[in-house]
Structures are given as C-alpha cells and as structure tokens.
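This is what each chain is made of:
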Amino acid sequence: MARVGTALRELRGAQKSAKGVSLYSRFVNRPAGRYLAAVSYALGLTPNQVTLVSAAFSFAAVAAVALAAPSWGLGVAVWAALAVGFAFDSADGQLARLRGGGSAAGEWLDHVVDCAKLTALHTCVLIAFYRFPEAYGTGGEGWLLVPLGFQFASVVTFFGGLLTEKLKPKPAPGSPAAAPSTVRAVALLPVDYGVFCLVFLALGGGELFRWAYAGLGAVAALFLVAFLAKWFRELSAVPR
C-alpha cells in the first residue's frame, strides 16, 4: 500500500493537460486510470502489459455484444468491461510517465489497440443487429448501415485527431499550458468514448438501444465535420 500511495502522489503532479478533454475523461476516467496506474506500478506491471489488460476487458465486451442475446444484465456487464478497459487505457500512459517515460513501441501498441477496439465494437453492433433483428427491431436492412456509418465517423475522427496532433508544432518547453475550457469540456461529452460506453446499459431495451446508438452515431457524424474543418484550418496556418 505504501508504494501505491507514493505512486499516486507522484502521478498527481504528472498529469497531461486537460485542454480539449471532456468532463467525463477529466473527472472520471483519468482519476480512475491514475489509481489503476498506481496499483499496476506497485505490482510491477509494464505499460505494455497494462495496455493488453485494457484490450482484454474491451474485446471481451465487444465479443459479448455480438454473441449474446441482448438483456439488461448483458448491458451492465458490457458497459462495466468497456469502462474498465477505458480506465486501463488511461492508466498505461500514466504508468509510462511514472516509470520515466514511454517508448515508441508502447505508443504504437496503445494506438493500434484503440483503433482495433473502435473498429471491432461497431462491427459487433452490426453483427448483433443482424443476428437479433426481433430484439433490436432491425429487420430492415437499412439499419445495418448505421453501425457502418458510426464506425466511419469514429475511425476518421480518431485518425484525423491523431495525425493533427503529430503535425502541429509542439509548444516551446516551459511555455504555460492553456487553461481548459469548461464549455468545451461539456460540449465534447457526446463524443467521449466513456459516455458512448453508457449506451450499452440500454442493451436490454432492444429498440431503445438501437435509437440511442443511432442518435450518438448522428452526433459523431456532425462532430466529424466540425473537427475536420477545425483541424484543416489549424494545419493550414502551419508553415511547411
């Protein structure tokens, strides 16, 4: 326990900027990841091992969505596994900073797992809509396009944001970090992965889940357009 306490104290002073982060990630997922990182440090785990733990929870939930008939109990289990996987996804980077810095291979593994998780999750929703049309009310084939559209918006947003971060100039060392905007943090809630995970609590509702999922998909598409315009404008100002 002493090592956990020491790790927590060090991690409190080694947090990433909250700029551009939603309220859920800032006040729920990052603090949960901080505790998981401290425990992982005390257990002697490496950041890559924590990334794989995150993947195990996430892909177990993903598989359950595709293979099991929808129920309220399944929804709670899927949400819990996705939320824990997301917290471990935050923990791996925090653990890397606690250990003195990560590696290029570790960052690569983290991003590959994130991309695979997004792609697999929407694919498995499509499979669930196809396998259980009576439960979800997805007898019409048009509903199978919804997960494909949601997947497209999620993956392009993920890749576009990652590429923008790599191409934008890094701030000068020692420059003050921009203060996080509360309005922006609230506005980003609909496209926060942790908030998206909450929709799976409605799995037992069948058609309720379908409409909630489709609604978040429509919001993701609108945000994608806004993000792409913003990122292109920012990068257009970067000298080559």
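To keep things clear, this report deals only with the structure shown in the data block. (Residues numbered from 1 in each chain as written. Predicted model: local features only at pLDDT ≥ 70, side-chain atom pairs only at ≥ 80, totals over all residues. Heavy atoms only, no water.)

**Thoughts on the overall build of the chain**
Then, in step 1: Looking only at helices and strands, the chain features 10 helices and 0 strands.
Then, in step 2: Moving toward the C terminus, one meets the helices and strands of the chain in the order α-α-α-α-α-α-α-α-α-α.
Then, in step 3: Since a compact globule built from 240 residues should have a radius of gyration of about 18 Å, the 19 Å found for the chain is in line with a globular shape.
Then, in step 4: Taken over the C-alpha atoms alone, the chain extends approximately 55 × 50 × 30 Å along its principal axes.
Then, in step 5: Nonlocal contacts in the chain, meaning residues at least 24 apart in sequence, comprise 82% of its contacts between residues at least 6 apart.
Then, in step 6: Just so you have it, the chain exposes about 12,500 Å², and 70% of that area is on carbon and sulfur atoms.
Then, in step 7: Looking at charge distribution, the chain has the averaged site of its 20 positive side-chain charges lying 10 Å from that of its 12 negative ones. (Helix = DSSP H or I, 4+ residues; strand = E, 2+ residues; numbered from the N terminus. Rg over C-alpha atoms; globule rule 2.2 N^0.38 Å. Contact = heavy atoms within 4.5 Å. Areas by Shrake-Rupley, 256 points an atom, 1.4 Å probe, with all protein chains shown as cover. Lys, Arg positive; Asp, Glu negative; His and termini not counted. Charge placed at Lys NZ, Arg CZ, Asp CG, Glu CD.)

**Focus on the pattern of salt bridges**
Then, in step 1: Under the defined criterion, the tally for this structure stands at 6 salt bridges.
Then, in step 2: Between E234 and K168 there is a salt bridge, with the nearest N and O atoms lying 3.4 Å from each other. You can see E234 sitting in helix α10 (residues 207–236) and its partner K168 sitting in the loop between α7 (145–167) and α8 (182–187), a full 66 residues away along the chain.
Then, in step 3: Exposure remark for E234: the relative accessible area of 26% places this residue in the partly exposed category. (Salt bridge = Lys/Arg side-chain N within 4 Å of Asp/Glu carboxyl O. Buried < 20%, exposed > 50% of the residue type's maximum accessible area, 1.4 Å probe, protein only.)

**Notes on the nonpolar core**
Then, in step 1: By size, the foremost hydrophobic cluster in this structure holds 35 residues, and its most contacted members are V78, L82, Y193, F196, F200 and F209.
Then, in step 2: Those elements that place two or more of their residues in this core are α3 (47–67), α4 (72–98), α5 (104–131), α7, α9 (193–198) and α10.
Then, in step 3: Contacts of V78, omitting those with residues within four sequence positions, involve A61, A64, V65, F200 and L203.
Then, in step 4: With 10 residues, the next largest nonpolar core counts L8, L11, F88 and L95 among its residues. (Core = buried A, V, L, I, M, F, W, Y, C linked by side-chain atoms within 4.5 Å.)

**A word on the packing of aromatic side chains**
Given two aromatic rings, one states the distance between the centres and the angle between the planes to describe the pair.
Then, in step 1: On inspection of all chains with the given rule, the structure shows 17 aromatic pairs.
Then, in step 2: Ring centres 6.4 Å apart and planes at 5° place the aromatic pair Y24 and F86 in the stacked group. On the criterion of sequence distance, the pair formed by Y24 in helix α2 (residues 23–43) and F86 in helix α4 is long-range, its members being 62 residues apart.
Then, in step 3: The class of Y24 is buried, set by a relative accessible area of 16%.
Then, in step 4: Classification of F86 as buried rests on a relative accessible area of 11%.
Then, in step 5: Relative to Y213, the ring of F129 has its centre 6.0 Å away and its plane inclined at 85°; by these criteria the two rings are edge-to-face. Here F129 is found in helix α5, whereas its partner Y213 is found in helix α10, with 84 residues between them in sequence. As far as burial versus exposure is concerned, F129 and Y213 are alike and both buried.
Then, in step 6: Here a set of aromatic residues connected by ring pairs shows up, and it is made of Y24, F86, F129, Y136, F150, Y193, F196, F200, F209 and Y213.
Then, in step 7: Cation over ring: K117 sits above Y193, and NZ or CZ is 4.6 Å from the ring centre. (Phe/Tyr/Trp six-rings, centres within 6.5 Å; stacked < 30°, edge-to-face > 60°. Lys NZ or Arg CZ within 6 Å of the ring centre and 35° of its normal.)

**Details of the environment of V195**
Then, in step 1: Position of V195 among the secondary structure elements: in helix α9.
Then, in step 2: Note: C-alpha distance between V195 and L95 (100 residues apart in sequence) is 24 Å.
Then, in step 3: In contact with V195, other than residues within four places in its own chain, are Y24 and L189.

**Some points on the packing of α2 against α4**
Then, in step 1: For the pair α2 and α4, interaxial distance at closest approach is 7 Å and the crossing angle is 60°. Handedness of the α2/α4 crossing: right-handed. Side by side, α2 and α4 meet where Y24, S25, N29, R30, A32, G33, R34, L36, A37, S40 and Y41 of the first sit next to A83, F86, A87, F88, S90, A91, Q94, L95 and L98 of the second.
Then, in step 2: When the residues that make up the contact of α2 with α4 are grouped by side-chain class, the tally is 12 nonpolar, 6 polar and 2 charged. (Axes fitted to C-alpha atoms, helices over the stretch in contact; angles between N-to-C directions. Left-handed = near helix turned anticlockwise from the far one by under 90°. Nonpolar A, V, L, I, M, F, W, Y, C, P; charged D, E, K, R; others polar.)

As far as function goes, none of this settles anything; it's purely spatial.
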